[in-house]
Amino acid sequence: MMTNPTLYAARRARVAAQLGDGGIAIVPTAPERPRNRDADFPFRHDSYFYYLTGFAEPGAWLVLTGDGHSLLFCRPKDMERETWDGIRLGPDAAPAALGVDEARCVDELDQRLPRLLENRAAVWYPFATHAGLHERIDGWLCQVRQRARHGALVPEAQRDLCAVLDEMRLVKDAHELELMRRAARISANAHARAMQRGARMVRAGQDVREYHLEAELLHEFRRCGAQFPAYGSIVAAGANACVLHYRAGDAPVRPGELVLIDAGCELDGYASDITRTFPADGKFTGPQRELYQLALAAQQAAIAATRPGARFNDPHDAAVKVLTQGMIDLGLIDKNQHPTLDDAIAQRAYFAHYMHRTSHWLGMDVHDCGGYAEPSETGQVSERRDPLSGEIIRERPSRILRPGMVLTIEPGLYVRPSDKVPNAFWNIGIRIEDDALVTDDPRFDGCELITRDVSVDPDAIEALMAG
């Protein structure tokens, strides 16, 4: 990963300005995690830490003070360990490479932190993100308290740094958007590759499994420089597409069935997230196309509702309205039980076939940080009783969309066998997902879809798979 010290220094300065006089922030990266004996999982940095440093090595901590001073603790240079595990930056090179003011060996962390916390007004750290972090900070504060007879004061407040960082990360800067567009292009090409390769194999009568299609995705991700999948790839053939978090397995990919792929790469710390549903042999059947067109119409309605000034919930509400009417028309919802569209929506009759939300934030994490309630209106609370569970739901006005926010738009339809629905639709699962940048750019109508290098149009999908 390439780092821009100026970019990360500017982010640290923005955080420092919000720590207040006498504030201090502590941010660790993620720990290395053992996979099995003598082998770790591939290391992936903590997103908050990387957002402020651009540093991807394990075993590192950032300490930031309200006056803007930044101190990095990192692993020391070690010729023997570097022979086995790779080159380390080391404390001596870190200030020039990362733009931090000072760097120390991480072995000094427990010695130095109590003195750094002395006489501070407040200590900030990301709450509920790192197991044991709260207890470790308590240990350092305990050492400060033991020096009270020497005049040391303990910070009176502990505050959640996520509250500051989440708001910053919610609106992407130009650097972040460039990376996300590149990740989206790579992922779109990977989807197209899997579609075409799978169709060729199916038409040739070869034994095709879900893992064959997953292999095409992973090949394209790495071929184009992405470091990881952004999440476990979902490759679901036939009835498996009705399992929302299904993982690619060894199930056969058969002619006449649909395949749902929900997969995206991570590039330099930023995620993409695309879902496409397509016929295994390259041709939609009549019932498949009917449900696909309904899901696509719902996505188009949600896209039209995504613009600056709209609410986060607006795309979901638009998608639900289209999906519910379509379910009524196609016999997936009983007209006798729900005679009107408004009644079907109010009673959540659509939930049997559409049980997830239409959007989530996207960024460094595939389900990125950032509140979904509008901060200026959190005091406005309404209550309703859920018609399915009977639970009392407390709701606040949803977030107002602003330029620079990135969210997914992903309505779906999932029809399991039931005597309540036409059997022509049984075992069909469809989801269509794109990544949308909220923008006031006049070239776009409220949002830019950065993942459309692979089409959602059913005719275009058939043409792609025929190639």
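Everything that follows concerns the structure shown earlier in this document.
So, here is what we can say about the structure in this document. (Residues numbered from 1 in each chain as written. Predicted model: local features only at pLDDT ≥ 70, side-chain atom pairs only at ≥ 80, totals over all residues. Heavy atoms only, no water.)

## What to know about the overall build of the protein
Across its full length, the protein holds 13 helices and 21 strands. Counting only C-alpha atoms and orienting by the principal axes, one finds that the protein spans roughly 80 × 55 × 45 Å. Looking at the protein as a whole, 51% of its 467 residues are labelled buried. Contacts in the protein between residues far apart in sequence, at least 24 positions, make up 71% of those at least 6 positions apart. In the form shown here, the protein has an accessible surface area of approximately 21200 Å², with 49% of it arising from carbon and sulfur atoms. For the protein, the centre of its 54 positive side-chain charges and the centre of its 67 negative side-chain charges are spaced 1 Å apart. (Helix = DSSP H or I, 4+ residues; strand = E, 2+ residues; numbered from the N terminus. Buried < 20%, exposed > 50% of the residue type's maximum accessible area, 1.4 Å probe, protein only. Contact = heavy atoms within 4.5 Å. Areas by Shrake-Rupley, 256 points an atom, 1.4 Å probe, with all protein chains shown as cover. Lys, Arg positive; Asp, Glu negative; His and termini not counted. Charge placed at Lys NZ, Arg CZ, Asp CG, Glu CD.)

## Concerning unusual backbone geometry
Positive phi, close to 65°, is recorded for N119, a residue that is not glycine. Counting through the fold element by element, N119 comes out in the loop between α5 (109-117) and β7 (122-125). For N119, a relative accessible area of 47% corresponds to the partly exposed category. Of note in this structure, R348 is not a glycine but carries a positive phi near 55°. Tracing the backbone through its elements, the reader meets R348 in the loop between α12 (341-346) and β15 (382-385).

## Notes on the environment of V320
Position of V320 relative to the elements: it lies in helix α11 (residues 313-330). Overall, the relative accessible area of 4% leaves V320 in the buried class. C-alpha of V320 to C-alpha of T65: the two residues are 255 residues apart in sequence and 47 Å apart in space. Apart from residues lying up to four places away in sequence, V320 is in contact with I345, Y350 and Y354.

## A few points about the packing of aromatic side chains
This structure, assessed with the given rule, holds seven aromatic pairs. Among the aromatic residues, ring-to-ring pairing joins F312, W361 and Y372 into one connected group. Taking NZ or CZ as reference, R169 lies 4.8 Å from the ring centre of Y48, over its face. Between the NZ or CZ atom of R348 and the centre of the ring of F351, over which it lies, the distance is 4.4 Å. (Phe/Tyr/Trp six-rings, centres within 6.5 Å; stacked < 30°, edge-to-face > 60°. Lys NZ or Arg CZ within 6 Å of the ring centre and 35° of its normal.)

## Describing the pattern of salt bridges
Applying the stated rule across the entire model yields 36 salt bridges. One salt bridge connects R399 with E167, and the closest N-O pair in it is separated by 2.8 Å. Of the two residues, R399 sits in the loop between β16 (392-395) and β17 (406-409) while E167 sits in helix α7 (residues 162-170), which places them 232 residues apart along the sequence. Residue E167 is classed as partly exposed on the basis of its relative accessible area of 37%. (Salt bridge = Lys/Arg side-chain N within 4 Å of Asp/Glu carboxyl O.)

## Observations regarding the packing of helix α8 (residues 174-203) against helix α13 (residues 458-466)
A pair of packed helices is captured by two measures, namely the crossing angle of their axes and the spacing between those axes. Between α8 and α13, whose axes approach to 8 Å, the crossing angle comes to 65°. Once α8 is placed against α13, the crossing between them reads as right-handed. Within the contact between the two elements, α8 uses A192, M195, Q196, A199 and R203 and α13 uses I461, L464, M465 and A466. Class assignment of the residues belonging to the contact of α8 with α13 gives a composition of seven nonpolar, one polar and one charged. (Axes fitted to C-alpha atoms, helices over the stretch in contact; angles between N-to-C directions. Left-handed = near helix turned anticlockwise from the far one by under 90°. Nonpolar A, V, L, I, M, F, W, Y, C, P; charged D, E, K, R; others polar.)

## Let's talk about the side chain of R169
In this fold, R169 is placed in helix α7. What makes R169 buried here is its relative accessible area of 1%. A polar atom in the side chain of R169 sits 3.2 Å from the side chain of D365. Of the polar contacts made by the side chain of R169, one reaches the side chain of D368; its length is 2.8 Å. Among residues more than four places away in sequence, those in contact with R169 are S47, Y48, Y51, M364, D365, D368 and C369. (Polar contact = N/O pair within 3.5 Å; in protein donor to acceptor, adjacent residues only side chain to side chain.)

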